[in-house]
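Remarks on the overall topology
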Amino acid sequence: MPGKLSFRCMVPSFASKKTELQTALVFIVLSLFLRLPYFFRDVINWDESTFTLLGQSILNGHLPYTSSWDQKPPLLGASFSLFIIIFGKSVASIRLAGALCVALTSWLTCAIGRSLRDDLFGVVSGILTCLCLSLVEKSASATMSEHVALVPLMFGLFILIDAPRSSLRVFIAAFLMSAAAMMRTNLAFVVISL
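Residues numbered from 1 in each chain as written. Predicted model: local features only at pLDDT ≥ 70, side-chain atom pairs only at ≥ 80, totals over all residues. Heavy atoms only, no water.

**Considering the packing of helix 6 (residues 145-162) against helix 7 (residues 167-181)**
This is how the line gets drawn: Note on geometry: axes are C-alpha line fits, over the in-contact stretch for helices, and angles between N-to-C directions span 0 to 180 degrees. Each helix is a run of DSSP H or I of at least 4 residues and each strand a run of E of at least 2, with the numbering of both proceeding from the N terminus. With respect to orientation, any angle under 35 degrees is reported as roughly parallel, any angle over 145 as roughly antiparallel, any angle of 65 to 115 as roughly perpendicular, and every other angle as oblique. Handedness of a helix crossing follows the sense of rotation of the near helix relative to the far helix, less than a right angle counterclockwise being left-handed and clockwise being right-handed. By definition in these notes, contact holds between two residues if any of their heavy atoms fall within 4.5 Å. By the convention adopted, Pro, Cys, Tyr, Trp, Phe, Met, Ile, Leu, Val and Ala count as nonpolar, Lys, Arg, Asp and Glu as charged, and the other residues, Gly among them, as polar.
Packing of helix 6 against helix 7 leaves a shortest axis separation of 7 Å and a crossing angle of 160 degrees. Looking at the two axes, helix 6 sits roughly antiparallel to helix 7. In the packing of helix 6 onto helix 7, the handedness of the crossing is left-handed. Counted together, A149, P152, L153, F155, G156, L157, I159, L160 and D162 of helix 6 and R169, V170, I172, A173, L176, M177 and A180 of helix 7 form the full contact between these two elements. For the contact of helix 6 with helix 7, the per-class residue count stands at 13 nonpolar, one polar and two charged.

**Side note on the pattern of salt bridges**
To keep it simple, the criterion reads: Take a side-chain nitrogen of Lys or Arg and a carboxyl oxygen of Asp or Glu: if they are within 4 Å of each other, that pair is a salt bridge. Relative accessibility under 20% of the residue-type maximum defines a buried residue, over 50% an exposed one, and the middle range a partly exposed one, all with a 1.4 Å probe and only protein chains included.
Under the defined criterion, the tally for this structure stands at three salt bridges. As a salt-bridge pair, R114 and D119 come within 3.5 Å of each other at their nearest N and O atoms. Note on R114: relative accessible area 15%, which makes it buried.

**Notes on the packing of aromatic side chains**
Convention followed: Stacked, tilted and edge-to-face are the three classes assigned to paired rings of Phe, Tyr and Trp, where Trp is represented by its six-membered ring and a pair needs centres within 6.5 Å; plane angles under 30 degrees give stacked, over 60 edge-to-face, the rest tilted. Look at NZ for Lys and CZ for Arg. If either is within 6 Å of the ring centre and within 35 degrees of the ring normal, a charge sits over the ring.
The full count for this structure, using the stated rule, is three aromatic pairs. On the numbers, 5.5 Å between centres and 65 degrees between planes, the contact of F80 with F83 is edge-to-face. Residue F80 and its partner F83 are located together in helix 3 (residues 74-87), separated by three residues, close to a single helical turn. Comparing F80 with F83, the two get one shared label, buried. One aromatic cluster is present, formed by F51, F80 and F83 through successive ring pairs. Just above the ring of F121 sits the side chain of R117; from NZ or CZ to the centre is 4.7 Å.

**Here's the deal with the packing of helix 1 (residues 17-35) against helix 4 (residues 91-116)**
Remark: helix 1 packs on helix 4, axes separated minimally by 8 Å, with the N-to-C direction vectors making an angle of 135 degrees. For the element pair helix 1 / helix 4, the angle class is oblique. The way helix 1 lies across helix 4 gives a crossing that is right-handed. Across from T19, E20, T23, A24, F27, I28, S31, L32 and R35 in helix 1, the residues of helix 4 making contact are L96, G98, A99, L100, V102, A103, S106, W107, C110 and R114. Tallied by class, the residues present in the contact of helix 1 with helix 4 amount to eleven nonpolar, five polar and three charged.

**Observations regarding the nonpolar core**
Which entries qualify depends on this criterion: For the purposes of this section, nonpolar cores are sets of buried Ala, Val, Leu, Ile, Met, Phe, Trp, Tyr and Cys residues that join through side-chain atoms within 4.5 Å.
If you look at the biggest cluster of nonpolar residues, it comprises 30 residues, and the most contacted ones within it are F80, F83, V148 and L153. Where this core is concerned, the elements lending two or more residues are helix 1, helix 2 (46-59), helix 3, helix 4, helix 5 (119-135), helix 6 and helix 7. Residue contributions to this core peak at seven residues, all from helix 6. When sequence neighbours within four positions are dropped, the list of residues in contact with F80 reads E48, F51, T52, G55, I94, T143 and V148.

**Observations regarding the layout of surface pockets**
Threshold: Site definitions follow a grid-based scheme: protein atoms alone, a 1 Å grid, a 1.4 Å probe that fits but cannot get out for cavities, and for pockets an open set with protein on both sides within 12 Å along at least five of seven lines, plus lining residues having an atom within 4 Å of a point. Grid points are joined across faces, edges and corners, and a volume is the space filled by probe spheres set on the points.
One number sums up the size of the largest pocket: a volume of about 190 Å³. Along its surface, the largest pocket is lined by 15 residues, and S49, T52, S90, V91 and I94 are the ones closest to its centre. Those elements that place two or more of their residues in the lining of the largest pocket are helix 2 and helix 4. The dominant element in the lining of the largest pocket, judged by the number of residues it contributes, is helix 2, at five residues. A breakdown of the residues in the lining of the largest pocket according to their chemical character gives six nonpolar, five polar and four charged. The calculated volume of the second largest pocket comes to roughly 150 Å³. Around the second largest pocket, the lining residues are L75, S79, L82, F83, I86, C101, V148, V151, P152, A179 and M183. Every element with two or more residues in the lining of the second largest pocket is listed here: helix 3 and helix 6.

So, in structure tokens, the structure goes:
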């Protein structure tokens with residue numbers, strides 16, 4: 001039925017469920033391999049520490065920008081709060097969350113590449129994404145706002161690219177891309193252009 005959105009059409013349409021799982025595991029292992037040596041360093045970038053403090057402040061019951069303050073949009077602090085709830089309150093757990101964000105972004109990039117061209121193009125795109133998000137810059141091994149914001153941005157882009165558009169699909173994609181802009185302000189230019 002046109003216009004109806006099912007969960008199957010929101011998951012990257014690879015050849016089989018087994019292939020999907022294998023591809024996701026490859027990106028998780030690659031991301032962990034590239035980022036694991038930095039899990040236990042105290043400070044790589046002060047921004048990561050600030051984001052963690054913002055997340056902990058929200059968990060302590062404070063509204064954003066009342067007890068701790070940074071010039072970042074509010075969903076970034078909420079994302080770090082979620083990381084602390086799920087993975088625990090330590091530097092290694094925050095970096096694990098960042099590694100999973102990188103792996104998920106790489107997997108979505110692979111899915112977009114497969115939608116646009118073929119399997120090889122998708123896998124190479126995903127691997128290059130994982131390498132670039134982990135190694136390009138000195139502070140890339142920390143969990144940065146870019147790593148967190150790219151997940152909803154790429155998921156929204158995948159929804160727009162993968163299948164025929166409907167009002168509901170465009171709304172969900174716009175919602176996800178707007179969430180990305182509420183984690184990293186300069187992504188608003190990307191959202192507006194899309």
